[in-house]
Amino acid sequence: MSRTRSAILDAAATMLSANPSATMAEIADGVGMARSTVYRHFADRSTLQAAMQEYAEARLAEIGNQLAGRSGTARERLLLLCQAYFDEADLLMSAFGDRSQSDEIEAAREEGDLAALIIQGHRDSSIDPSLPPAWVEQALWAMLYNAWLMTASKAMTRHEALSLFLHSFEKMLA
């Protein structure tokens, strides 16, 4: 992916997470590029949204690959994953924030790596085996959304929200 395209997607993620109705012109202004440059890469808002979802999926896969070789219990690796997801919250919220709950549940079912990590946690006793993988996944996304919302609304600092997110999620896993 070109640097220009990535810069547009990164700026769009930041802008759309703060203002979901931001126009293509506002996104172009936010990234500091001419509107024609943005339109050359993305013909319209729906094209931009589709590209943002692909970009977010690629970023999630990259995060998963980075953490795949890590040692530790499944719970420890899942908490590292939560922290990485929090760092990408603007992108994730702007890319997937308009999904319905049924879309989210279906996407979670298709996300084999996360479910496999949770099942591994059941096996190594670091995650309560009475918690089904789909439940843990949905709790992760709900708590991530809450942490993002607390920072976006300025109700908490990023550090406070991340700390509470990780603390709450870890407690739930035990």
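Since the structure is predicted, the reported quantities are computational estimates derived from the model, not experimental observations. Residue positions are given per chain, counting from 1 as you read along its sequence in written order. Under the rules for a predicted model, residues below a pLDDT of 70 receive no local features and side-chain atom pairs below 80 are neither given nor counted, while totals for whole chains, interfaces and linings still include all residues. The side-chain quantities take in all heavy atoms of the structure and omit both hydrogens and water.

**A few points about unusual backbone geometry**
At step 1: Within the chain, Ser125 stands out as a residue other than glycine whose phi angle is a positive 65°.
At step 2: The secondary structure listing takes helices from DSSP runs of H or I that are at least 4 residues long and strands from runs of E that are at least 2 residues long, numbered from the N terminus. Of note, Ser125 is situated in the loop between helix 8 (112–123) and helix 9 (133–152).
At step 3: In this structure, Lys154 is a non-glycine residue whose phi angle is positive, near 65°.
At step 4: Here Lys154 lies in the loop between helix 9 and helix 10 (158–173).
At step 5: The buried label applies to any residue whose accessible area, calculated with a 1.4 Å probe on protein chains only, is under 20% of its type's maximum; exposed applies above 50%, and partly exposed to all values in between. Using a relative accessible area of 72% as the deciding quantity, one classes Lys154 as exposed.

**Concerning helix 2 (residues 24–31)**
At step 1: Taken residue by residue, helix 2 has Met24, Ala25, Ile27 and Ala28 as its buried positions. The arc enclosing the buried residues of helix 2, seen along the axis, measures out at 160°, which places them on a common side. In helix 2, the exposed positions that point more than 90 degrees away from the buried face belong to Asp29 and Gly30.
At step 2: Contact criterion: two residues are considered in contact whenever any of their non-hydrogen atoms come within 4.5 Å of each other. Elements in contact with the buried residues of helix 2: helix 1 (3–18), helix 3 (35–41) and helix 4 (45–68).
At step 3: Gly32 sits one or two positions beyond helix 2 and adopts a positive phi of about 75°. Here, the arc refers to the directions that run from the helix axis to the C-beta atoms.

**What to know about the packing of helix 4 against helix 6 (residues 89–96)**
At step 1: Contact geometry for helix 4 and helix 6: axes closest at 9 Å, N-to-C directions at 135°. Classified by the angle their axes make, helix 4 and helix 6 are oblique. Note on packing geometry: the crossing formed by helix 4 with helix 6 is left-handed. For the pair helix 4 and helix 6, contact is made by Gln49, Met52, Gln53, Tyr55, Ala56, Glu57, Arg59 and Leu60 and by Leu91, Leu92, Ser94, Ala95 and Phe96, respectively.
At step 2: We call Asp, Glu, Lys and Arg charged. Ala, Val, Leu, Ile, Met, Phe, Trp, Tyr, Cys and Pro are nonpolar, and the rest, Gly among them, are polar. Here the contact of helix 4 with helix 6 is built from residues that sort into eight nonpolar, three polar and two charged. Here, axes are lines fitted to C-alpha atoms. For helices the fit covers the stretch in contact, and angles between N-to-C directions go from 0 to 180 degrees. To sort the angles, those under 35 degrees are grouped as roughly parallel, those over 145 as roughly antiparallel, those from 65 to 115 as roughly perpendicular, and the leftovers as oblique. Take the far helix as the reference: if the near one is turned anticlockwise from it by less than a right angle, the crossing is left-handed, and if turned clockwise, right-handed.

**Quick word on the confidence of the model for the chain**
At step 1: For every residue, the predictor assigns a confidence score, pLDDT, that lies between 0 and 100. Per-chain confidence: the chain averages 87 in pLDDT, with 91% of residues scoring 70 or above.
At step 2: Within the chain, helix 7 (residues 101–110) has the poorest average pLDDT of any element, 49, and helix 10 the best, 97.

**Some remarks on the packing of helix 9 against helix 10**
At step 1: Two elements in contact, helix 9 and helix 10, have axes separated by 9 Å at closest approach and are oriented at 160°. Classified by the angle between their axes, helix 9 and helix 10 sit roughly antiparallel to one another. In the packing of helix 9 onto helix 10, the handedness of the crossing is right-handed. Across the interface between the two elements, Trp135, Val136, Ala139, Leu140, Met143, Leu144, Ala147, Met150 and Thr151 of helix 9 pack against Arg158, Ala161, Phe165, Ser168, Phe169, Met172 and Leu173 of helix 10.

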